[in-house]
Amino acid sequence: MTENPDPHVVAEGLLPTPFTADEIRAALRDGAVIRVRIEAPDGTASERISRYSEGRDEDVLLESHPVGAPETATGGRVSWRELQAHAAFPADRTAVADDTIEHPLGRLECLRYTVSDDDGGAVFWFALAHPGMPVRYETTDASGTTRITVQEITAD
């Protein structure tokens, strides 16, 4: 099997990702702190911090913890390609569309990936101006819908 020359394609059968590993590296290598709000199906909400630091050519240190509890941080080194692969969805169960959303980060031009599965599915909004994780995503299963929204992105 020949490797796909498109840097947006992680593997056969998967749609192209919104960002390449190189684009994610360029955006996060020098460090970033991303605060997200998690809204659970039962109506409860919490916030978490993800910190990208010690970026190298091949990987970055990624640690995460609840807001107000940095002493509980967990994580480790992760490659840029692994971060890219988080946005690699099955071509046969995913629809991609352009979308503009109102968001805590402002009005954002996004690629929206809608993934269906037997449990309900998920929707991911990737802001073109913010390579890396989706700025919003929703997962739906038997318990309801969970929404995760980026609230803030700052330099580390």
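Above: the structure in question.
What comes next concerns the included structure. Along every chain, residues carry numbers that run from 1 in the direction the sequence is written. In keeping with the predicted nature of the model, local features appear solely for residues at pLDDT of at least 70, side-chain atom pairs appear and are counted solely at 80 or more, and the whole-chain, interface and lining totals rest on all residues. With hydrogens and water stripped out, all remaining heavy atoms of the structure feed into the side-chain values.

Attention now moves to a negative patch on the surface. A surface patch of negative charge is lined by Asp117, Asp118, Asp119 and Asp141. A run of DSSP states H or I qualifies as a helix once it reaches four residues; a run of E qualifies as a strand once it reaches two. Both are numbered from the N-terminal end. When you line up the elements, Asp117 lands in the loop between β6 (106-115) and β7 (121-127). Residues enter patches when they are more than 30% accessible in relative terms and free of salt bridges; like-charged ones are connected within 9 Å and nonpolar ones (Val, Leu, Ile, Met, Phe, Trp, Tyr) within 5 Å. Residue burial considers only the protein chains on display, and all accessible areas are found by Shrake-Rupley using a 1.4 Å probe. The salt bridge criterion pairs a side-chain nitrogen of Lys or Arg with a carboxyl oxygen of Asp or Glu, the two atoms within 4 Å. Lys and Arg are tallied as positive, Asp and Glu as negative. Neither His nor the chain termini are counted. We put the charge of a Lys on NZ, of an Arg on CZ, of an Asp on CG and of a Glu on CD.

A word on the environment of Tyr113. With respect to the helices and strands, the residue Tyr113 is situated in strand β6. A 1.4 Å probe rolled over the protein chains alone gives each residue an accessible area, and that area as a share of the maximum for its type sets the label: buried under 20%, exposed over 50%, partly exposed in between. According to the relative accessible area criterion, Tyr113 is buried, its value standing at 3%. Separated by 25 residues in the primary sequence, Tyr113 and Ala88 place their C-alpha atoms 9.9 Å from one another. Those residues in contact with Tyr113 that sit more than four places away from it in its chain are Pro16, Thr17, Pro18, Ala87, Phe89, Thr94, Ala95, Val96, Ala122, Val123, Phe124 and Phe126. Of the polar contacts made by the side chain of Tyr113, one reaches the backbone oxygen of Pro16; its length is 2.9 Å. Residues are treated as being in contact if the distance between any of their heavy atoms lies within 4.5 Å. Each polar contact in these results corresponds to two N or O atoms within 3.5 Å; when the atoms are within protein, one needs to be able to donate a hydrogen and the other to accept it, and residues that are neighboring in sequence are counted only if both atoms are side-chain atoms.

Turning our attention to the pattern of salt bridges. Counted by the stated rule, this structure contains 11 salt bridges. A salt bridge links Glu54 to Arg77; the shortest N-O distance between them is 3.6 Å. Here Glu54 is found in the loop between β2 (45-53) and β3 (59-66), whereas its partner Arg77 is found in strand β4 (residues 74-79), with 23 residues between them in sequence. The salt bridge involving Glu138 is made with Arg147; its shortest N-O contact spans 2.5 Å. Residue classification places Glu138 among the buried residues on the basis of a relative accessible area of 18%. Relative accessible area serves as the criterion here: at 31%, Arg147 is assigned to the partly exposed category. One network of salt bridges, in which partners are shared, links Glu54, Arg56, Glu58, Asp59 and Arg77.

Quick look at the sheet that holds β4 now. Strand order in the open sheet formed by nine strands is β4-β3-β2-β1-β9-β8-β7-β6-β5, and the pairing between neighbours is antiparallel. Looking along the sheet, the strands with just one partner apiece sit at the ends: β4 and β5 (94-103). Between one strand axis and the next, the sheet turns through 20° on average, direction left out of account. In this analysis, strands are considered paired if DSSP registers two or more bridges between them. As judged from the six bridges shared by β2 and β3, these two strands associate in the antiparallel manner. Counterpart to Arg48 in the pairing with β3 is Pro66. Axes here refer to lines fitted to C-alpha atoms; in helices the fit is confined to the stretch in contact. Angles between the N-to-C directions go from 0 to 180 degrees.

What follows covers the pairing of strand β9 (residues 144-155). Pairing between strand β1 (residues 32-39) and β9: eight bridges, direction antiparallel. Looking at the pairing, Ile34 lines up with Ile153 of β9. Two strands pair when backbone bridges link them, and strand β8 (residues 136-141) and β9 are joined in this way by six bridges, in the antiparallel orientation. Each residue of the ladder has a partner; that of Thr139, found in β9, is Thr146.

Purely spatial values, then, with no claim about function.
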